[in-house]
Amino acid sequence: MFKKYLSILLCSVAICSLTACSTSDDSSAMVEDGSSDAALGLDADGALTVGDPNARDGFNGPAELQGNNTVYFAYNSENIQDQYLGVMQAHAQYLKKNPDARVIIEGHTDERGTPEYNIALGERRARSVARYMQNLGVDVNQLSIVSYGEEKPAVDGHNEGAWSKNRRAVLNY
């Protein structure tokens, strides 16, 4: 009798496990940060995206901000260094004056760490910049983030000089 109940219980657990692991065609989920229209998913390069996955790469913002659109980070950190506060303040000022403008904040890492860890770290870096800009008064609907992890290095190389240029968040319009 006990074996019969144990067998039924094990079958039930197996069925529940298979149901929980089933896949669907929808690769996006809603983000739990209060923004109801921000989709979380993967782009064609396999990077984590929050916002419009069809948005263009590249800078398309005001010319005066083009050369000033990168925030660099210390190793294994998402903390914004004081020297980059002006970069974000300039972009925040532009976005507040132009409510129709949208910015994509790309999070990047160096090559050290696993791909999964680097995607998460890139996302934390992009979120850190987005959060700071929100604190400066930028509307959350103007901000999207994407993490490329180590997949799009700014500089090729296997040394601190290259790594320091790859640990970054880039603001693109």
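Residues numbered from 1 in each chain as written. Predicted model: local features only at pLDDT ≥ 70, side-chain atom pairs only at ≥ 80, totals over all residues. Heavy atoms only, no water.

Enquirer: Looking at this structure, I do not really get the overall build of the protein chain. What am I missing?
Expert: On a plain count of helices and strands, the protein chain comes out with 5 helices and 7 strands. Carbon and sulfur atoms provide 53% of the accessible area of the protein chain, an area that totals close to 10300 Å². (Helix = DSSP H or I, 4+ residues; strand = E, 2+ residues; numbered from the N terminus. Areas by Shrake-Rupley, 256 points an atom, 1.4 Å probe, with all protein chains shown as cover.)

Enquirer: Would you mind going over the pattern of salt bridges with me for this structure?
Expert: Should the charged atoms of two oppositely charged side chains come close, the side chains can pair. Under the defined criterion, the tally for this structure stands at 6 salt bridges. Of the charged contacts in the structure, one is a salt bridge between Glu 160 and Arg 112, with a shortest N-O distance of 3.8 Å. Placement of the pair is Glu 160 in helix H5 (residues 160-166) and Arg 112 in the loop between strand S5 (103-108) and helix H4 (115-135), with a sequence separation of 48 residues. Its relative accessible area of 42% is what places Glu 160 among the partly exposed residues. Residue Arg 112 is classed as partly exposed on the basis of its relative accessible area of 25%. (Salt bridge = Lys/Arg side-chain N within 4 Å of Asp/Glu carboxyl O. Buried < 20%, exposed > 50% of the residue type's maximum accessible area, 1.4 Å probe, protein only.)

Enquirer: Sorry if this is basic, but what is going on with H4 here?
Expert: Since the α-helix packs 3.6 residues into each turn, any two residues three or four apart lie on the same face. Counted at 1.5 Å a residue, the expected span for H4 with its 21 residues is 30 Å, and the 30 Å between its end C-alpha atoms agrees. Gly 137 occupies a position one or two residues after H4 and carries a positive phi of about 105 degrees. (Expected span 1.5 Å × (residues − 1).)

Enquirer: In this structure, what is going on with unusual backbone geometry? I would like to understand it.
Expert: Negative phi values dominate among residues other than glycine, just as trans dominates among peptide bonds. Look at Asn 76: it is not a glycine, yet its phi comes out positive at around 60 degrees. Counting through the fold element by element, Asn 76 comes out in the loop between strand S4 (70-72) and helix H3 (85-97). Taking the relative accessible area as the measure of exposure, Asn 76 reaches 40% and is therefore partly exposed.

Enquirer: Help me understand the nonpolar core, please; the structure alone is not making it clear to me.
Expert: Most often, soluble globular proteins keep nonpolar side chains buried together rather than apart. Core analysis: the largest hydrophobic core is formed by 21 residues, its most contacted members being Leu 95, Ile 105, Val 129, Met 133 and Leu 143. Looking at this core, the elements with two or more residues in it are H3, S5, H4, strand S6 (143-149) and strand S7 (168-172). Excluding residues that lie within four positions of it along the chain, Ile 105 makes contacts with Ala 126, Val 129, Ala 130, Met 133, Leu 143, Ser 144, Ile 145, Val 146, Ala 169, Val 170 and Leu 171. (Core = buried A, V, L, I, M, F, W, Y, C linked by side-chain atoms within 4.5 Å. Contact = heavy atoms within 4.5 Å.)

Enquirer: Looking at this model, I keep getting lost on the environment of Asn 76. Mind explaining?
Expert: Along the primary structure Asn 76 and Asp 110 are separated by 34 residues, whereas in three dimensions their C-alpha atoms are 9.2 Å apart. In this structure, Asn 76 is in contact with Tyr 117, Leu 121 and Arg 125, ignoring residues within four places of it in sequence. At 2.2 Å, the side chain of Asn 76 and the side chain of Tyr 117 are in polar contact. (Polar contact = N/O pair within 3.5 Å; in protein donor to acceptor, adjacent residues only side chain to side chain.)

Enquirer: Is there a simple way to explain H3 in this structure?
Expert: Spanning 13 residues, H3 covers 18 Å between terminal C-alpha atoms, matching the ideal 18 Å at 1.5 Å per step. Among the residues of H3, Val 87, Met 88, His 91, Ala 92 and Leu 95 are the ones counted as buried. Viewed end-on, H3 has its buried residues packed into an arc of 125 degrees, placing them on one side of the element. Buried positions along H3 lie against helix H2 (63-66), S4, S5, H4, S6 and S7. (Arc of directions from axis to C-beta.)

Enquirer: I keep staring at the packing of H3 against H4 and nothing clicks. Help me out?
Expert: The N-to-C vectors of H3 and H4 enclose an angle of 55 degrees; their axes lie 9 Å apart at closest approach. Here H4 runs oblique to H3, going by the angle between their axes. In terms of crossing hand, the pair formed by H3 and H4 is right-handed. Touching Leu 85, Met 88, Gln 89, His 91, Ala 92 and Leu 95 of H3 are Val 129, Tyr 132 and Met 133, all from H4. (Axes fitted to C-alpha atoms, helices over the stretch in contact; angles between N-to-C directions. Parallel < 35°, antiparallel > 145°, perpendicular 65-115°, else oblique. Left-handed = near helix turned anticlockwise from the far one by under 90°.)

Enquirer: For this particular structure, what's the right way to read the pairing of S5?
Expert: When a strand is regular, its side chains alternate between the sheet's two faces. Taken across its 6 residues, S5 has 6 buried, putting it largely inside the fold. Residues Val 103, Ile 105 and Gly 107 of S5 are buried on one face, and the alternating residues Ile 104, Glu 106 and His 108, pointing to the opposite face, are buried as well. Sheet topology places S5 next to S6; 6 bridges connect them, and they run parallel. Its bridge partner lying in S6, Ile 104 is registered against Ser 144. One crossover worth recording links S5 to the parallel S6 by way of H4, and it is right-handed. Bridging between S5 and S7 involves 5 bridges; their strand directions are antiparallel. Within the sheet, the bridge partner assigned to His 108 lies in S7 and is Arg 168. (Pairing = 2+ DSSP bridges. Right-handed = clockwise from strand over helix to strand, strands pointing away.)

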